[in-house]
Amino acid sequence: MTSIDQESWSRVKGRLRAEVGDDVYSSWFARMDLEGLADATVRLSVPTRFLKSWIQSHYSERVLAAWRAEQATVDRIELSVRSGVLRPLPVKPAAAQTALPQRDGRDLRFNGETRLAGAPLSSAHEALGGSPLDPRLTFETFVLGRSNTLAHAAAKQVAAARRSDPVMFNPLYIHAGVGLGKTHLLQSITWAGNASGERKVLYLTAEKFMYGFVSALRSQTALAFKEALRGIDVLVIDDLQFLQGKSTQAEFCHTLNALIDAGRQVVIASDRPPSDLESLDDRVRSRLAGGLVVEMSSLGEELRLEILKFRMAAARQYHPGFDVPLPILAYIAKTVTHNGRDLEGALNRLLAHSKLTGQPVTMELAEREIRDLIRPQEPKRVKIEDIQRVVARQYNVSRADLLSSRRTANVVRPRQVAMYLAKTLTLRSLPEIGRRFGGRDHTTVLHAVRKIENLVGNDTSLAEEIELLKRQLQD
């Protein structure tokens, strides 16, 4: 795959982001990689079967059209589920005393107790019906920084708790953007919890939960499926935003309630807070928000550099001749800003170049190899709750007034402005905006949006007010 192919892929991703919006792009396309381009066929990969199925069912034509806009000769898209390549197992630097899990079954040490890493724990976990675990994703390989300290501390507390201990916060809900460490923490909890032998910890992706439930319904073993899940001491669910289907969501709600009511621990990760999971029932969102909700924010430059240093130390365990000078690592940390996967991808490219050509890594090489990973800063993600708060403050009314049925002039105009801003600054649908404004019908929202659009064209003062509100929300 040439650098020209990578540049084409970067432009295709830009087209997709512009067409579908940031939220949809982050959910479905952010983890899609280009594997190759040959004979008018583009080969792409994603990390899970669920993503592959969903993209093929809903977005295949759009992806193909984006590629054809870039290269008219492309006539076919091949999508596959990838496995890790060119990713050396992270190992603590030499000073560390704790051995890390290895894929080949070397010793893994938790709390002073040695166990076989690859086979026994992972096999036992998968025998319970869990999703596959990556032996690299443990607490020992998690790099701490300001953005993830609270989430890490909460995860460690959950992993270290004993069966007889009272549950401190339930559920533990961790949300963050793509590649910021959610899955790493969830799998760390599972590895550590199962290694202690104290409790049964089950890690499931939302895809695996859906597949298990649907399979149980088809085979008429739904009761056994429910009983098995509710016998788990710690249930860990990853990528909850992908949970689809009313019956599956209803079963998830029943399982969640049953486990929490029984004093069992539930840990959940998603790419958004509970209030933004629009497809879930209000009762589920309320239950999720009732535990400890922790956000892992974007990686700061200092943390990005520490991650790169750690990955370098791990890579050199297996490739002693591989070296990236500190100024180049600092350049990557400064320019590759979006997530940890991009950082790892940048280092993998330099490793591949070093191994395949035998040439040293230079600044010129780094600039050329990672330029498609340098993305423009994304605009701030505006929430409807923020819009309501800022508009209420601007017009000296309460948020409760905006959600109420009051129709006095001093409330109607701010409410219409807030609905207009919700439509123009977020990706929420008209029915969802109406629901967030006291359960109003989507036609009410549409009327408000059109009303403000007409007024802005004729009322300079109102137009300036709305521009001021937009700046407050986006800064």
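Our structure's up above, just so we're on the same page.
Residues numbered from 1 in each chain as written. Predicted model: local features only at pLDDT ≥ 70, side-chain atom pairs only at ≥ 80, totals over all residues. Heavy atoms only, no water.

Caption draft 1: Spatial organisation of helix α6 (residues 149-160). Taking 1.5 Å as the rise per residue, α6 with 12 residues should run 16 Å; its terminal C-alpha atoms sit 16 Å apart, in good agreement. Where α6 is concerned, the buried positions are A151, H152, A154, A155, V158 and A159. On an axial view of α6, the arc spanned by its buried residues comes to 165 degrees, and they lie on one face. For α6, the exposed residues set more than 90 degrees away from the buried face come down to L150 and A160. In the core, the buried residues of α6 are packed alongside β6 (172-175), α7 (182-196), β8 (234-238), β9 (265-270) and β10 (292-295). (Helix = DSSP H or I, 4+ residues; strand = E, 2+ residues; numbered from the N terminus. Expected span 1.5 Å × (residues − 1). Buried < 20%, exposed > 50% of the residue type's maximum accessible area, 1.4 Å probe, protein only. Arc of directions from axis to C-beta. Contact = heavy atoms within 4.5 Å.)

Caption draft 2: A look at the environment of N257. Along the chain, the position of N257 falls in helix α10 (residues 246-261). For the pair formed by N257 and V284, sequence separation is 27 residues and the distance between their alpha carbons is 8.8 Å.

Caption draft 3: Structural view of the packing of α6 against α7. Two numbers describe how α6 lies on α7: the axes approach to 9 Å, and their chain directions differ by 25 degrees. Taken together, the axes of α6 and α7 are roughly parallel relative to one another. As for the relative orientation of α6 and α7, their crossing is right-handed in sense. Note on element contacts: α7 touches α6 through L185, I189, A192 and G193, opposite A151, H152, A155, V158 and A159. (Axes fitted to C-alpha atoms, helices over the stretch in contact; angles between N-to-C directions. Parallel < 35°, antiparallel > 145°, perpendicular 65-115°, else oblique. Left-handed = near helix turned anticlockwise from the far one by under 90°.)

Caption draft 4: Structural context of the pairing of strand β2 (residues 41-46). Within β2, 5 of the 6 residues are buried, leaving the element largely enclosed by the surrounding structure. As defined by bridge partners, strand β1 (residues 33-38) adjoins β2 across 5 bridges and the pair is classed as antiparallel. Within the sheet, the bridge partner assigned to G36 lies in β2 and is R43. Both β2 and strand β3 (residues 76-81) contribute to a ladder of 6 bridges, which runs parallel. Across the sheet, residue S45 finds its bridge partner in β3, namely S80. (Pairing = 2+ DSSP bridges.)

Caption draft 5: The arrangement of the nonpolar core in detail. Of all hydrophobic cores here, the largest spans 53 residues; its most connected members are F322, V324 and I332. Top element by residues in this core is helix α12 (residues 301-318). It accounts for 7 residues. Residues contacting V324, with those up to four places away along its chain left out, are M312, L329, L347, L350 and V361. Listed in part, the 51 residues of the second largest apolar core include L34, I55, A222 and L259. (Core = buried A, V, L, I, M, F, W, Y, C linked by side-chain atoms within 4.5 Å.)

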